[in-house]
Amino acid sequence: MNNLVNTRLVSLFTKTSLILSVLVGIIGLLVMIGWMFDITLLKSITSNMIAMKPNAAIAFILISLILILYHKKNVLNKNLMVISKILTSIVILIGSLTLFENLSGHDLHIDQLLFQESPNAVIAYAPGRMAPLTSLVFLLIGIALIFLDKKRGLIISQILAFIIGFFGLLVLTSYAYHIETQTKLEPYIYAAFHAALNFVFIAIAILFLYPEQGMSRLLVSETAGGRIARLLLPIAIFIAPILGFFQALGVEIHLYDAQSGTAFLVLLTTAIFTTFVLIVAYMLMNSDLERQQDELVLKETLLNLERSNKELEQFAYIASHDLNEPLRMISSYTQLLERKYHDKLDKDAIDFIGFAVDGAHRMQLLIDDLLQYSRVTTKAQPLQPVDTNLLLDQTLINLQPLINEKEAEVTHDPLPTINADGIQIMQVFQNLISNAIKFCDQKPKIHISVKSTENEWIFSVKDNGIGIAPELHDQLFIIFRRLHTRDKYPGTGMGLAICKKIVERHKGRIWVESEVDKGTTFFFAIPK
């Protein structure tokens, strides 16, 4: 998981979603019990409030089961997830058929299949039928649950969850402010109190089901935006309704008149939001100051690193260049000693001289490669358009003796013109192709191809060689790192390190795909 995500909050939100999912089902089950035994407290809380209808209670139980299945999705088999889709379809069917009844006035005779309701019940547009708003919200919930299972549909589900939560809060607010059904607002915005409560629970359960994805990831983010959202959202959601409730309560108990209450509400709301605006501004200021300080430290670190790299490259160049002369002298005089005194030396002495000459030769190779490595930046040419077909042709001419010796077959696709240092790209081709020939225990077959993306040219060099174990891939590009003994496969282990340095100098990247005895493919990408 991204280190900018608060894992503790992710766990808390996920558990909250599961608890609310279970609670939705419990409320639906209690309402069903209320209808079975005619318990007003369970059906409608009080006799003068709207009762939750049996169809709505069944839909809530199904929604609860669906959400619980989504929480256990990773440990359940596919059959149970198919069941969740069937249950979702039933919820959509209940919502859409009832909404059709409410809008068209037709009775489909689905409202009192389980229980009979008195025509004199509170706000019963038709006996046993759930309110129009409730049927609409069930339809929205069903659609949200469908998209919840889509890779790119989570955002749609979360947007619908906001709408569902809004409708739930709308109904709860109407109860909190004692808005009269028949005289104040159209009855179509009403629903049972515990149905509205369940709508809010379902909205939160959907939003928190996958808290690290979609819009919800802002709430678990450890960025400045995430911290501000966690601070301000509860204020934005709860402060205004709470203040409004107390303002209405004060008017009702004659603590003050309506105009005074409204003025007091406006002033208090302004003071609260002004305070939090200042808090947020202070948080943003501190965050910006920390960012600027981090940028200064990073800039200084990069300058120091660049200076150190230049000094190291210069040292490597000078050291390798200056070591060449004394090393050649050691090698020459050792070989001269062998030729001049060969007859006067015993076998051990001749072997010792051979070891010295071989050591000097290997040291010469190491120094030459180190010099070549340092020249990637110290002797680099400007980047300009180059035809990689011509570069590869010249590379193959340089490698022709090795190709002929090993009877290697080298093929390639048409290659593009790229913006690069031609000599260095030839070095990359030469190192990769020579390695492909060297590390092969059969007739080498090598193919060079290229793939074009929006921002890069991705070259590949594929062979049928001995392959490389996956756990060794990260070691390939380390300077002087060898994966085989010198006796079996000669070399200094610098070739791939040089390739990596060249590709990185071009702002590109290099990597490998390989398995033992299955060949190897080296990739390197050059920006367009």
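Here the structure is a predicted model, which means the values were calculated and not measured.

This part takes up helix α7 (residues 193-209). The first and last C-alpha atoms of α7 sit 24 Å apart over 17 residues, in line with the 24 Å expected at 1.5 Å per residue. Most of α7 sits inside the fold, with 14 of its 17 residues counted as buried.

The next thing to look at is the environment of A196. Structurally, A196 is set in helix α7. Put simply, A196 and G168 are 28 residues apart on the chain and 4.4 Å apart in space, counted from C-alpha to C-alpha. Not counting residues within four places of it along the chain, the set of residues in contact with A196 comprises G168, V171 and L172.

So, on to the packing of aromatic side chains. If you walk through the whole model with that rule in mind, you get twelve aromatic pairs. A ring pair is formed by F429 and F524, whose centres lie 5.8 Å apart and whose planes are at 70°; its orientation type is edge-to-face. Here the residue F429 occupies a position in helix α13 (residues 422-438), and F524 occupies one in strand β7 (residues 520-527), the gap between them amounting to 95 residues. Across the pair, F524 and F429 agree in class, each one buried. Centre to centre, the rings of F459 and F524 are 5.0 Å apart; their planes meet at 10°, and the pair counts as stacked. Of this pair, F459 sits in strand β5 (residues 456-462) while F524 sits in strand β7, and the two are 65 residues apart along the sequence. Both residues of the pair, F459 and F524, count as buried. Each residue in the set F60, F138 and F199 is aromatic and connected to the rest through ring pairs, giving one cluster. Against the face of W35 rests K43, its NZ or CZ located 4.5 Å from the ring centre.

All right, on to the side chain of N6 then. For N6, the position within the fold is in the segment before α1 (7-37). On the basis of relative accessibility, which here comes to 16%, the residue N6 falls in the buried class. A polar atom in the side chain of N6 sits 2.6 Å from the side chain of E222. Here N6 is in contact with V220 and E222, once residues within four sequence places are set aside.

A contiguous nonpolar surface patch, about 940 Å² in accessible area, is contributed by V22, L23, I26, L29, L30, I33, M36, F37, I39, L41 and I45. No other element matches α1, which puts eight residues into the nonpolar patch. Note that V22 resides in helix α1. The exposure class assigned to V22 is partly exposed, which follows from its relative accessible area of 36%.

Strand order in the open sheet formed by five strands is β2-β4-β5-β7-β6, and the pairing between neighbours is mixed. The strands lining the two open edges of the sheet, one partner per strand, are β2 (409-412) and β6 (509-514). The mean angle between the axes of side-by-side strands here comes to 15°, regardless of whether they run parallel or antiparallel. Where β2 and strand β4 (residues 445-452) come together, four bridges link them in parallel fashion. Within β4, the residue paired with E409 across the bridge is K445. Contacts between helix α14 (residues 495-505) and the sheet are confined to β6 and β7, with β6 contributing the most and set at about 135° to the helix.

Geometry of a packed helix pair, given as the angle between the helix axes and the separation of the axes. Across the interface, helix α3 (residues 54-71) lies against α7 with an axial gap of 11 Å and an inter-helix angle of 15°. Between α3 and α7, the angle is such that the two are roughly parallel. Pair α3 / α7 crosses with left-handed handedness. On α7, the residues that touch F60, I63, L67, Y70 and H71 of α3 are A195, N198, F199, I202, A205, I206 and L209. Residue classes in the contact of α3 with α7 are distributed as ten nonpolar, two polar and no charged.

Looking at the chain, pLDDT values average 84 and 86% of them are 70 or higher. At the low end of the mean pLDDT range in the chain sits helix α10 (residues 347-378), at 69; at the high end sits α7, at 96. Residue range residues 181-185 is modelled with pLDDT below 50. Its contacts to residues more than four positions away, or to other chains, number seven contacts.

Next up on the list: the nonpolar core. Grouped together as the largest cluster of nonpolar side chains are 64 residues, with contacts concentrated most on M52, F60, I63, F138, I141 and L148. Looking at this core, the elements with two or more residues in it are α1, α3, α4 (78-104), α5 (132-147), α6 (154-176) and α7. For this core, the element with the most residues is α7, which contributes twelve residues. Excluding residues that lie within four positions of it along the chain, F138 makes contacts with A56, A59, F60, I63, V91, G95, M130 and F199. One finds L432, I468, L476 and I510 within the second-largest nonpolar core, a separate group that totals 37 residues.

Criteria and cut-off values
Here, residues in each chain are numbered from 1, in the same order as that chain's written sequence. A pLDDT threshold of at least 70 governs which residues receive local features in this predicted model, and a stricter bar of 80 or more applies before side-chain atom pairs are shown or counted, although totals over entire chains, interfaces and linings include all residues. The side-chain numbers reported here are obtained from all heavy atoms of the structure, hydrogens and water having been left aside. A run of H or I in DSSP becomes a helix once it reaches four residues, and a run of E becomes a strand once it reaches two; helices and strands are each numbered from the N terminus. A helix is expected to span 1.5 Å multiplied by its residue count minus one. Think of it in three bands: with a 1.4 Å probe and only protein chains considered, a residue is buried below 20% of the maximum accessible area for its type, exposed above 50%, and partly exposed in between. By definition, residues are in contact when any of their heavy atoms lie within 4.5 Å. Pairing of aromatic side chains here covers Phe, Tyr and the six-membered ring of Trp, requires ring centres within 6.5 Å, and sorts the geometry by plane angle: under 30 degrees stacked, over 60 edge-to-face, intermediate tilted. Each ring is checked for a lysine NZ or an arginine CZ that lies within 6 Å of its centre and within 35 degrees of its normal; such an atom marks a charge sitting over the ring. Definition of a polar contact: a pair of N or O atoms within 3.5 Å, with one able to donate and the other able to accept a hydrogen when the atoms are protein atoms, and with sequence-neighbouring residues admitted only if both atoms are side-chain atoms. Exposure above 30% relative accessible area and no salt bridge define the residues that can form patches, which grow by joining like charges within 9 Å and nonpolar side chains of Val, Leu, Ile, Met, Phe, Trp and Tyr within 5 Å. To measure how exposed things are, a 1.4 Å probe is used in the Shrake-Rupley method; for residues, cover is taken only from the protein chains shown. Here, a salt bridge means any Lys or Arg side-chain nitrogen found within 4 Å of an Asp or Glu carboxyl oxygen. Pairing between strands is defined by DSSP: at least two bridges between the two strands are required. Lines fitted to C-alpha atoms define the axes here, with helix axes fitted over just the stretch in contact, and angles between the N-to-C directions of these axes take values from 0 to 180 degrees. Relative orientations are named as follows: roughly parallel for angles under 35 degrees, roughly antiparallel for angles over 145 degrees, roughly perpendicular for angles from 65 to 115 degrees, and oblique for any other angle. Note on convention: near helix rotated counterclockwise from far helix by under a right angle means a left-handed crossing. Clockwise means right-handed. Residues are sorted three ways: Asp, Glu, Lys and Arg are charged, Ala, Val, Leu, Ile, Met, Phe, Trp, Tyr, Cys and Pro are nonpolar, and all the rest, Gly among them, are polar. What pLDDT reports is the predictor's confidence in each residue, on a scale of 0 through 100. Among buried residues, those of type Ala, Val, Leu, Ile, Met, Phe, Trp, Tyr and Cys that are joined through side-chain atoms within 4.5 Å constitute a nonpolar core.

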